[in-house]
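As a plain string of letters, each chain reads:
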Amino acid sequence: MDMRNHHLKEDIREYWSKRSETFDLAFGHRIPPGPELDAWAAAMRHALGARPMKVLELACGTGEVTNVLLSLGHEVTALDFSEAMLAVARRKHAGNDRVRFILADAERTMEPDGAYDAVVCRHLVWTLTEPEEAFAEWFRLLKPGGRLLVFDGDWSKPTPLGRLASLAVSALERFIGHDPHYDGAMSERHAKIMERLPFGDGLTTKRLVPLIGAAGFRDIRLCSHWPIAAAQRRKADLRNRLRTFFYRRFVLTCARPSGDGGRS
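Residues numbered from 1 in each chain as written. Predicted model: local features only at pLDDT ≥ 70, side-chain atom pairs only at ≥ 80, totals over all residues. Heavy atoms only, no water.

**Q** Just to check I follow, could you spell out the packing of helix α2 (residues 35–48) against helix α9 (residues 226–234) for this structure?
**A** When two helices pack together, their arrangement is captured by the angle between the axes and the distance separating the axes. Running from amino to carboxyl end, α2 crosses α9 at an angle of 170 degrees, the nearest separation of the two axes being 8 Å. Judged on the interaxial angle alone, α9 and α2 are roughly antiparallel. Taken together, the residues of α9 that come into contact with α2 (itself represented by P35, E36, A39, W40 and A43) are P227, I228, A231, Q232 and R234. Among the residues making up the contact of α2 with α9, the classes are represented as seven nonpolar, one polar and two charged. (Axes fitted to C-alpha atoms, helices over the stretch in contact; angles between N-to-C directions. Helix = DSSP H or I, 4+ residues; strand = E, 2+ residues; numbered from the N terminus. Parallel < 35°, antiparallel > 145°, perpendicular 65-115°, else oblique. Contact = heavy atoms within 4.5 Å. Nonpolar A, V, L, I, M, F, W, Y, C, P; charged D, E, K, R; others polar.)

Now the structure itself:
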């Protein structure tokens with residue numbers, strides 16, 4: 001591994017570890033029961049089908065997406081490279097024998113070839129230090145016919161509507177104060193990490209789809225994140241409703257071909 005990537009990974013690990021205890025308080029991270037959990041579950045069911053699967057969840061954080069996967073009946077291996085994040089997730093799901101948590105790097109998991117029916121991640125791809133190698137790794141982990149499901153977005157700059165929403169939030173916070181738990185893409189620490197990442201200048205589907213295809217994945221589909229954002233707005237206050245408009249988000253699904261002859 002390039003030593004520059006090693007130091008960058010340590011900076012990323014430290015950043016998320018420091019946020020672990022309060023991360024569930026940040027809007028957009030926690031997936032509460034009700035409309036939002038239902039919207040996430042519907043997106044996963046649409047992408048993966050209704051049959052329970054053996055799923056690898058990458059960068060599980062505090063175990064919120066883990067909870068959605070478990071609610072759908074899947075058997076989940078959830079990994080993260082922050083022990084602090086994993087500690088929160090383990091407490092949250094203590095006693096559930098359908099999930100195991102492991103400390104590992106999502107770009108080099110050390111999991112066996114063809115071990116999973118599906119690989120799922122939320123807000124991970126933009127942080128990858130070596131995306132081509134990571135996508136090849138995820139291809140290797142899937143059984144032939146297995147599916148990859150990615151929830152992510154372009155966090156480098158707001159959309160035109162997002163810029164207006166951001167201005168509105170700034171104006172609102174002059175009266176109600178800053179949200180101490182919101183450390184968005186424009187925070188100083190976040191920005192310093194982003195500027196060193198391959199996707200730091202923008203994770204767009206136009207850039208991502210060719211890389212996914214080059215790793216061997218087929219049946220690449222893009223779905224709207226809008227139903228999830230709409231569900232988030234249903235119980236959010238004005239500031240958080242505006243935040244759902246900031247950035248362009250997407251859902252990507254694809255598959256390892258069924259007849260690839262065990263390619264890895």
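There is more to say, and it comes next.
**Q** Looking at this model, I keep getting lost on the sheet that holds strand β5 (residues 142–154). Mind explaining?
**A** By definition, the strands of a sheet pair up through backbone hydrogen bonds, in either a parallel or an antiparallel sense. Ordered in space as β3-β2-β1-β4-β5-β7-β6, the seven strands form an open sheet in which the pairing is mixed. Each end of this open sheet is capped by a strand with a single partner; those strands are β3 (99–103) and β6 (218–224). Each strand axis lies, on average, 15 degrees off the axis of its neighbour in the sheet, ignoring direction. Pairing analysis gives six bridges linking strand β4 (residues 116–122) to β5, with the strands arranged parallel. Bridge assignment links A118 to a residue of β5, and that residue is R147. α2 contacts β4, β5, β6 and β7 (248–255) of the sheet and is inclined by roughly 145 degrees relative to β5. Here helix α8 (residues 205–214) sits on the sheet and contacts β5, β6 and β7; the angle it forms with β6, its principal contact strand, is near 155 degrees. (Pairing = 2+ DSSP bridges.)

**Q** Whenever I open this one, helix α6 (residues 160–176) confuses me. Can you help?
**A** For an α-helix, the turn length of 3.6 residues means that residues three or four places apart are oriented alike. Helix length check: α6, at 17 residues, gives a terminal C-alpha distance of 25 Å against a target of 24 Å (1.5 Å per residue), a fit within 8%. Considering only its buried residues, α6 is in contact with α10 (238–243). Of the residues flanking the end of α6, it is G177, one or two places downstream, whose phi is positive at about 90 degrees. (Expected span 1.5 Å × (residues − 1).)

**Q** Explain the state of the cysteines to me, please; I cannot follow it from the model alone.
**A** Disulfide: a covalent bond formed between the sulfur atoms of two cysteine residues. As enumerated under the stated definition, the model contains zero disulfides in all. Of all cysteine sulfurs in the structure, the one in C254 sits closest to C121, which takes part in no disulfide; the separation is 9.7 Å. With no disulfide of its own, C223 lies closest to C254 among cysteine sulfurs, the gap being 11 Å. What makes C223 partly exposed here is its relative accessible area of 26%. (Disulfide = S-S within 2.5 Å. Buried < 20%, exposed > 50% of the residue type's maximum accessible area, 1.4 Å probe, protein only.)

**Q** Can you help me understand empty space enclosed by the protein in this one?
**A** If a probe as big as a water molecule is rolled over the atoms, it shows which places are left empty. Across all of its chains, the model carries two cavities of 30 Å³ or more by this definition. Its boundaries defined by the atoms lining it, the largest cavity holds a volume of some 860 Å³. If you go around the largest cavity, you meet 45 residues; those closest to its centre are W16, F23, R122, H123 and W126. Secondary structure elements with two or more residues in the lining of the largest cavity: α1 (3–19), β1 (54–58), α3 (64–71), β2 (75–80) and β4. (1 Å grid on protein atoms, 1.4 Å probe; cavity = no way out; pocket = protein on both sides within 12 Å on 5 of 7 lines; lining within 4 Å. Points joined across faces, edges and corners; volume = space filled by probe spheres on them.)

**Q** Before we go on, may I ask you to explain unusual backbone geometry in this structure?
**A** Residues other than glycine predominantly adopt negative phi, and peptide bonds predominantly adopt the trans conformation. The phi dihedral of H123 falls on the positive side, at around 55 degrees, and the residue is not glycine. Following the sequence through the fold, H123 ends up in the loop between β4 and α5 (131–141). On the basis of relative accessible area, H123 is assigned to the partly exposed category, the value being 27%. Located in the positive-phi region is D219, a residue other than glycine, with phi close to 55 degrees. Inspection of the secondary structure assignment puts D219 in strand β6. With a relative accessible area of 35%, D219 lands in the partly exposed category.

**Q** Explain the packing of α2 against α3 to me, please; I cannot follow it from the model alone.
**A** Running from N to C, α2 and α3 point in directions that differ by 65 degrees, and their axes come no closer than 10 Å. Classed by the angle they form, the pair α2 and α3 counts as roughly perpendicular. When the axes of α2 and α3 are compared, the crossing they make is right-handed. From α2, L37, W40, A41 and M44 reach across to α3, where they touch V65, N67, V68, L69 and S71. Looking at the contact of α2 with α3 residue by residue, the classes come out as seven nonpolar, two polar and no charged. (Left-handed = near helix turned anticlockwise from the far one by under 90°.)

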